[in-house]
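What follows is each chain in one-letter form.
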Amino acid sequence: MSYQRVMISRLGGSNVLRVVEEESLPEPGPGEVRIRVLASGVAFTDVMIRKGMYPDLKRKPPFTPGYDVVGVVDKPGLGATRFKVGQRVADLTIIGAHADYVCLPEKRLVPVPKGLDPVESSCLVLSYVTAYQMLRRIAHVEAGGRILVHGAAGAVGTAILQLGRRMGLEMYGTASLAKHDVVLREGAIPIDYRSEDFVGRIRELTGEGVDAVFDPIGGSNFRRSFGVLRPGGTLVAYGFYNVVVGRGGSIPLDLLRLKWWDILPNKRRACFYSIGALREKRPDWFSEDLSELFDLLGQGVINPVISARVTLAEVGKAHEMIERAATRGKIVVDLTEAAG
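**What about the sheet that holds strand β13 (residues 269-272)?**
Okay, so step 1: The strand order β10-β9-β8-β11-β12-β13 describes an open sheet built from six strands, whose pairing is parallel. The open sheet is flanked by β10 (189-192) and β13, the only strands paired with a single partner. Looking at each pair of strands side by side, their axes are set apart by 15° on average, direction ignored.
Okay, so step 2: In this sheet, strand β11 (residues 210-215) lies alongside strand β8 (residues 146-149) in parallel orientation, the contact comprising three bridges.

If you want it as structure tokens, here you go:
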């Protein structure tokens, strides 16, 4: 039986992505299970991986991209007994998920409760776990606190706002004017980063600044974000959009600045968050946090904003949309119809 998967043939632009047809299904090794993929998110981290700019991945092409997955256990490998065939599971794969089938170690998988929509569930694996951990485990934002979210209409941005609203946070979010309706709907005060100085606007709105800033932009934006923190506040950087899309800056220098700001006696913290690195350090946190988020999804407490549902053949277009910041919420590769 054949199957399809996306391949990155070499590092570069979206044109390096292509769909290939494999003649036979992959076979799970010892301790692995084969998963029939139902949904897999497309994220900015995938763009970084495609360009060879993702620090946590040293593997060279060719390989299949795809940072997260929700699917159905299709076949267990030798010694794999934790999950039954037909059971839905999720994983943070880093690469490999943009395919009809993928084999993964069963010890890494998190069960997906029955009744949840697989496309919505896939939004939680990367974007909502990132949002949850940055809020609760990294910045330690308390109920009623005040935050600034950059890229507030994006996949992680909308996740932060939904979780923050549940915590009763006072929230501000930067976004283009065309996306202010999304930010407002999710409970935050929008700031147009193209026509407004967010530093001045935050000072005007809050007086003393915010408890935490969540910044995926990088470069000079990190410095300005650090400047709107009030004493005791935390800057959580989690991306380098400006560097990746060619607007200048340097990832090593950005990371160095964050460390330096954190060392200085300025009564403020600065750090870089990587979901992959934290999962390797504390896998129990990832499983606990994703399971809690699945519960919140089942209760209707969170409602992922889905920008587009695409096929494997449209992954390249999805990358282009993300690079242009032309999305509202999450893009998901939806294979539910193909899977029957």
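**Notes on the environment of Q4**
Okay, so step 1: One can find Q4 in strand β1 (residues 3-8).
Okay, so step 2: Taking the C-alpha atoms as reference points, Q4 and L25, 21 residues apart in sequence, are found 9.3 Å from one another.
Okay, so step 3: Among all residues touching Q4, those that are not within four sequence positions of it are V19, V20, E21, A99, D100 and L312.
Okay, so step 4: Here E21 takes part through its side chain, which lies 3.2 Å from a polar atom of the side chain of Q4.

**Some details on the packing of helix α2 (residues 118-138) against helix α10 (residues 283-299)**
Okay, so step 1: Contact geometry for α2 and α10: axes closest at 9 Å, N-to-C directions at 115°. Seen along the crossing, α2 lies across α10 with a hand that is right-handed. Judged by residue contacts, E120, S121, L124, V125, Y128, V129, Y132, Q133 and R137 of α2 engage W285, F286, E288, D289, L290, E292, L293, F294 and L297 from α10.
Okay, so step 2: The residue inventory of the contact of α2 with α10, partitioned by class, reads eleven nonpolar, two polar and five charged.

**Topic: the packing of aromatic side chains**
Centre distance and the angle of the planes are the two values used to describe a pair of aromatic rings.
Okay, so step 1: Taken as a whole, this structure holds six aromatic pairs when the rule is applied.
Okay, so step 2: With a centroid separation of 6.1 Å and an interplanar angle of 85°, the aromatic rings of Y3 and Y101 are classed as edge-to-face. Note that Y3 is positioned in strand β1 and Y101 in strand β6 (residues 101-105), a separation of 98 residues in sequence.
Okay, so step 3: Relative accessible area serves as the criterion here: at 8%, Y3 is assigned to the buried category.
Okay, so step 4: What makes Y101 buried here is its relative accessible area of 10%.
Okay, so step 5: Taken together, the aromatic side chains of F222, F240 and F272 make up a single cluster linked through ring pairs.
Okay, so step 6: Taking the ring centre of F286 as reference, the NZ or CZ of R279 above it sits at 4.2 Å.

**Describing the packing of α2 against helix α3 (residues 155-166)**
Okay, so step 1: For the pair α2 and α3, interaxial distance at closest approach is 8 Å and the crossing angle is 55°. The angle between the axes of α2 and α3 places the two elements in the oblique class. Handedness of the crossing formed by α2 with α3: right-handed. Residues S127, Y128, T130, A131, Y132, M134 and L135 of α2 touch α3, and the partners they reach there are A155, V156, A159, I160, Q162, L163 and G164.
Okay, so step 2: In terms of residue class, the contact of α2 with α3 is made up of ten nonpolar, four polar and no charged.

**Describing α10**
Okay, so step 1: Between its first and last C-alpha atoms α10 spans 25 Å; for 17 residues at 1.5 Å apiece the expected length is 24 Å, and the two agree.
Okay, so step 2: Among the residues making up α10, those that are buried are W285, F286, D289, L290, L293, F294, L296 and L297. One face of α10 carries all of its buried residues, which in axial projection span an arc of 160°. Turned more than 90 degrees away from the buried face of α10, the exposed residues are G298 and Q299.
Okay, so step 3: Packing partners of the buried residues in α10 comprise β5 (88-92), β7 (110-111), α2, α3 and α9 (275-281).
Okay, so step 4: One or two positions beyond α10, positive phi appears at G300, with a value near 80°.

**What about the nonpolar core?**
Okay, so step 1: Core analysis: the biggest nonpolar cluster contains 108 residues, and I147 and F214 have the highest contact counts within it.
Okay, so step 2: A per-element tally of this core places α2 first, with ten residues.
Okay, so step 3: Aside from chain neighbours lying at most four places away, what touches I147 is L135, V141, I160, L169, E170, M171, Y172, V210, A212 and F214.

Parameters at a glance
- Residues numbered from 1 in each chain as written.
- Predicted model: local features only at pLDDT ≥ 70, side-chain atom pairs only at ≥ 80, totals over all residues.
- Heavy atoms only, no water.
- Pairing = 2+ DSSP bridges.
- Helix = DSSP H or I, 4+ residues; strand = E, 2+ residues; numbered from the N terminus.
- Axes fitted to C-alpha atoms, helices over the stretch in contact; angles between N-to-C directions.
- Contact = heavy atoms within 4.5 Å.
- Polar contact = N/O pair within 3.5 Å; in protein donor to acceptor, adjacent residues only side chain to side chain.
- Left-handed = near helix turned anticlockwise from the far one by under 90°.
- Nonpolar A, V, L, I, M, F, W, Y, C, P; charged D, E, K, R; others polar.
- Phe/Tyr/Trp six-rings, centres within 6.5 Å; stacked < 30°, edge-to-face > 60°.
- Buried < 20%, exposed > 50% of the residue type's maximum accessible area, 1.4 Å probe, protein only.
- Lys NZ or Arg CZ within 6 Å of the ring centre and 35° of its normal.
- Parallel < 35°, antiparallel > 145°, perpendicular 65-115°, else oblique.
- Expected span 1.5 Å × (residues − 1).
- Arc of directions from axis to C-beta.
- Core = buried A, V, L, I, M, F, W, Y, C linked by side-chain atoms within 4.5 Å.

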